[in-house]
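Single-letter residue listing:
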Amino acid sequence: DRIARKRDREFDDFRKRLKDADQFKVEQSVFDDATFAAIYKLVQDGHVEAFGGPISTGKEANVYEALGPDDTDVAIKIYRINASNFRHMRDYLEGDPRFEGIGNDKKRVVLAWTQKEFANLSRARRAGVRVPEPIAVERNVLVMELVGLVEDRARRLAEVNVENPETAYQVVREYMRRLYSAGLVHGDLSEYNMIIHDGELVVIDLGQAVTVHHPNADEFLRRDCRNVAKFFSRQGTDTSSADLYEFVTDAEAD
Ligand code: ATP
Ligand code: MN
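Quick summary incoming for the structure in this document.

Definitions and limits used
- Residues numbered from 1 in each chain as written.
- Chains lettered and ligands numbered in written order.
- Predicted model: local features only at pLDDT ≥ 70, side-chain atom pairs only at ≥ 80, totals over all residues.
- Heavy atoms only, no water.
- 1 Å grid on protein atoms, 1.4 Å probe; cavity = no way out; pocket = protein on both sides within 12 Å on 5 of 7 lines; lining within 4 Å.
- Points joined across faces, edges and corners; volume = space filled by probe spheres on them.
- Helix = DSSP H or I, 4+ residues; strand = E, 2+ residues; numbered from the N terminus.
- Nonpolar A, V, L, I, M, F, W, Y, C, P; charged D, E, K, R; others polar.
- Near = heavy atom within 4 Å.
- Polar contact = N/O pair within 3.5 Å; in protein donor to acceptor, adjacent residues only side chain to side chain.
- Areas by Shrake-Rupley, 256 points an atom, 1.4 Å probe, with all protein chains shown as cover.
- Donors = N, O, S within 2.8 Å, 3.2 Å for Na, K, Ca; no water.
- Expected span 1.5 Å × (residues − 1).
- Buried < 20%, exposed > 50% of the residue type's maximum accessible area, 1.4 Å probe, protein only.
- Pairing = 2+ DSSP bridges.
- Phe/Tyr/Trp six-rings, centres within 6.5 Å; stacked < 30°, edge-to-face > 60°.
- Lys NZ or Arg CZ within 6 Å of the ring centre and 35° of its normal.

### Describing the layout of surface pockets
Estimates place the volume of the largest pocket at around 990 Å³. In this structure, the largest pocket is lined by 38 residues; those nearest its centre are S56, R156, N193, I204 and D205. For the lining of the largest pocket, the secondary-structure elements that each account for two or more residues are β1 (50-57), β2 (61-67), β3 (73-79), α4 (86-93), α5 (106-126), β5 (141-145) and β6 (155-156). The residue inventory of the lining of the largest pocket, partitioned by class, reads 17 nonpolar, nine polar and twelve charged. Taken as a whole, the second largest pocket encloses approximately 210 Å³ of empty space. Surrounding the second largest pocket, V160, N161, V162, E163, N164, T167, A168, V171, I196, G199, E200 and L201 form its lining. Examining the composition of the lining of the second largest pocket, we find that three residues originate from one element, helix α6 (residues 165-181), more than from any other. Residues belonging to the lining of the second largest pocket are distributed by class as follows: six nonpolar, four polar and two charged.

So this is what it looks like as structure tokens:
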């Protein structure tokens, strides 16, 4: 009981420190008490040592840089329970055998979504796709490898001058093929969800990725192929969404 009170006090201190930290002042809405508790748990478990500044404020999640154990840098993606468009999330979760019967509860949907991103990152890695290494997940908070450095952040493909588009395209289509062979379709693949650092291309944002069993998996894959082919065509690569689709799916058969 005394220990429990001490723990509560430590948690309150921690929460206050976080709330006072400059980078959170503008975005308090992200952090309900349960989110603070999740971050605290990640600190206690040794996955996070200190929070850094925000990298991105997206529609559904905010991404922060942070210090992990042993001087590593990590990225922390925090899904907002309230701001999330959970109907849209539910459409991606329903039909995915991993999340059957998820229902309508907003909180449950967002928590499942965070778990799904973690699981998708793990599966993609096992399939040989370069994605950020997933480190830990707690409630609506996902900790992963920070691609690039705090001082030299990875850039989106959309923001850089792609030096060798032909090679980059071959890498991307091979990643798409491997992902598909592993039973996953990214579902939001474009130059905005690929980042590049030191010449290495990394696929990110796998929250919405669905298994090939999802009733809309084929539609999502075709859309991914259109986005990717369009981007690389603009870079002068000779490709089309049909070619890409064939490359990605044909490999399944053999
Ligand atoms: P959006 O709504 O803009 O698509 P999102 O909320 O879906 O964003 P992500 O696409 O996963 O979130 O990440 C947003 C941005 O944060 C990325 O474009 C990238 O710049 C940065 N980012 C995300 N994860 C990492 C990471 N592991 N390492 C480095 N940067 C990252
Ligand atoms: Mn994104």
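Let's pick the thread back up.
### Description of the site of ligand 1
If you check the shell around ligand 1, you find 18 residues, and the closest are K77, E145, V147, R156 and D205. In this structure, a nitrogen atom belonging to ligand 1 sits 2.9 Å away from a main-chain N or O atom of E145. Surface burial for ligand 1 is 89%, taken as the share of its 600 Å² of free accessible area covered by protein chains. Mapped onto the shell around ligand 1, the elements with two or more residues apiece are β1, β2, β3 and β5.

### Let's talk about the coordination of the manganese ion (ligand 2)
The protein atoms donating to the manganese ion (ligand 2) are N193 (OD1) and D205 (OD), with metal-donor distances spanning 2.1 to 2.3 Å. With N193 in the loop between β7 (184-185) and β8 (194-197) and D205 in the loop between β9 (200-203) and β10 (210-211), this pair connects stretches of sequence that are twelve residues apart.

### A look at α6
With 17 residues, α6 extends 24 Å between its outermost C-alpha atoms, agreeing within 8% with the 24 Å of an ideal straight helix rising 1.5 Å per residue. Buried within α6 are the following residues: P165, A168, Y169, V172, E174, Y175, M176, L179 and Y180.

### Considerations on the sheet that holds β6
Strand order in the open sheet formed by three strands is β6-β8-β9, with antiparallel pairing between adjacent strands. Single-partner strands in this sheet number two, and they are β6 and β9. In terms of strand pairing, β8 meets β9 through four bridges, oriented antiparallel. Bridged to H197 within β9 is E200.

### Brief notes about the packing of aromatic side chains
Enumeration according to the criterion identifies five aromatic pairs in this entry. The interplanar angle of 15 degrees and the centroid separation of 4.8 Å between the aromatic rings of Y92 and F220 together place this pair among those described as stacked. Of this pair, Y92 sits in helix α4 while F220 is found in helix α7 (residues 217-234), placing the two residues 128 residues apart along the sequence. An angle of 80 degrees between the planes, with centres 5.1 Å apart, marks the rings of F231 and F232 as edge-to-face. There is no split in this pair, since F231 and F232 are both buried. Here the guanidinium or amino end of K116 rests over the ring plane of W113, the centre of that ring lying 5.0 Å away. Over the aromatic face of F247 sits the side chain of R173, whose NZ or CZ is 4.0 Å from the ring centroid.

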